[in-house]
Amino acid sequence: MTKQPDHSSAPVLRWTSGDPQAAALILQATARSVLARGHEELWPPDTLTVDALAQDYPADGWQVAWQGEAPVGCFVLMDPDPVFWAEKPRGEALYLHKLAVHPQAQGQGLNRALLDRAEELTRAAGRRWLRLDTDVTRPKLQALYTEFGFDTVDRQRVMGFEVFRYEKEV
């Protein structure tokens, strides 16, 4: 049985789709914040421009969460995922990438709100699975995904990165 998300303490958000420019701002701020806190680089800054993101992710796949006039979180959904899930056929899943919460909005439970939204969109698209990957050196993200109900599929080396792959039946 699929666990239903608890929305009782979820922040009030407005959503927009297909806004890679707002997503790029969130991703850039998040990447800078990770470095400023002394962690390893999450994403190279030159990969977070609108043009660079457009090379790997569909513009209409971006979801941006807003609180008032401020973009506070984002992710992108795509199908297929020819890099991290190349063996999977088109149409059975949506693949989540670039989940980020703006540093000024962290600590409000927005990661869960973003994952709730991704799950809702996956279900609405008639897909059975929501899949994602994360670097093996990110234990906090790994814990977030397993706490949200994702199962670890495997550990893979993809394009020089060591990642855990996760999926959740929605």
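Residues numbered from 1 in each chain as written. Predicted model: local features only at pLDDT ≥ 70, side-chain atom pairs only at ≥ 80, totals over all residues. Heavy atoms only, no water.

Asks: I tried to follow helix 1 (residues 20–36) on my own but got confused; where do I start?
Replies: Think of an α-helix as 3.6 residues a turn; residues three or four steps apart then line up on the same face. Between its terminal C-alpha atoms helix 1 stretches 24 Å, which fits the 24 Å expected from 17 residues at 1.5 Å a residue. Among the residues of helix 1, those classed as buried are Pro20, Ala22, Ala23, Ala24, Ile26, Leu27, Ala29, Thr30, Ala31, Ser33 and Val34. Tucked into the core, helix 1 has its buried residues touching helix 2 (50–56), strand 2 (62–67), strand 3 (70–78) and strand 4 (93–101). Looking one or two places after helix 1, you find glycine 38, whose phi comes out positive at around 85 degrees. (Helix = DSSP H or I, 4+ residues; strand = E, 2+ residues; numbered from the N terminus. Expected span 1.5 Å × (residues − 1). Buried < 20%, exposed > 50% of the residue type's maximum accessible area, 1.4 Å probe, protein only. Contact = heavy atoms within 4.5 Å.)

Asks: Explain the environment of proline 139 here, please?
Replies: The topology assignment puts proline 139 in helix 4 (residues 139–147). Exposure remark for proline 139: the relative accessible area of 53% places this residue in the exposed category. Between the C-alpha atom of proline 139 and that of phenylalanine 161, which follows or precedes it by 22 residues, the distance is 15 Å.

Asks: Teacher, can you tell me more about the pairing of strand 7 (residues 161–169) here?
Replies: Put simply, side chains in a regular strand alternate between the two faces of the sheet. Judged from the seven bridges that link them, strand 5 (residues 129–135) and strand 7 form a sheet pairing that is antiparallel. Following the sheet pairing, threonine 134 is matched in strand 7 by phenylalanine 164. As defined by bridge partners, strand 6 (residues 151–158) adjoins strand 7 across seven bridges and the pair is classed as antiparallel. Note that in strand 7 the partner of aspartate 154 across the bridge is arginine 165. In this antiparallel pair of consecutive strands, strand 6 and strand 7, the connection spans two residues, and methionine 159 shows a positive phi of 50 degrees. (Pairing = 2+ DSSP bridges.)

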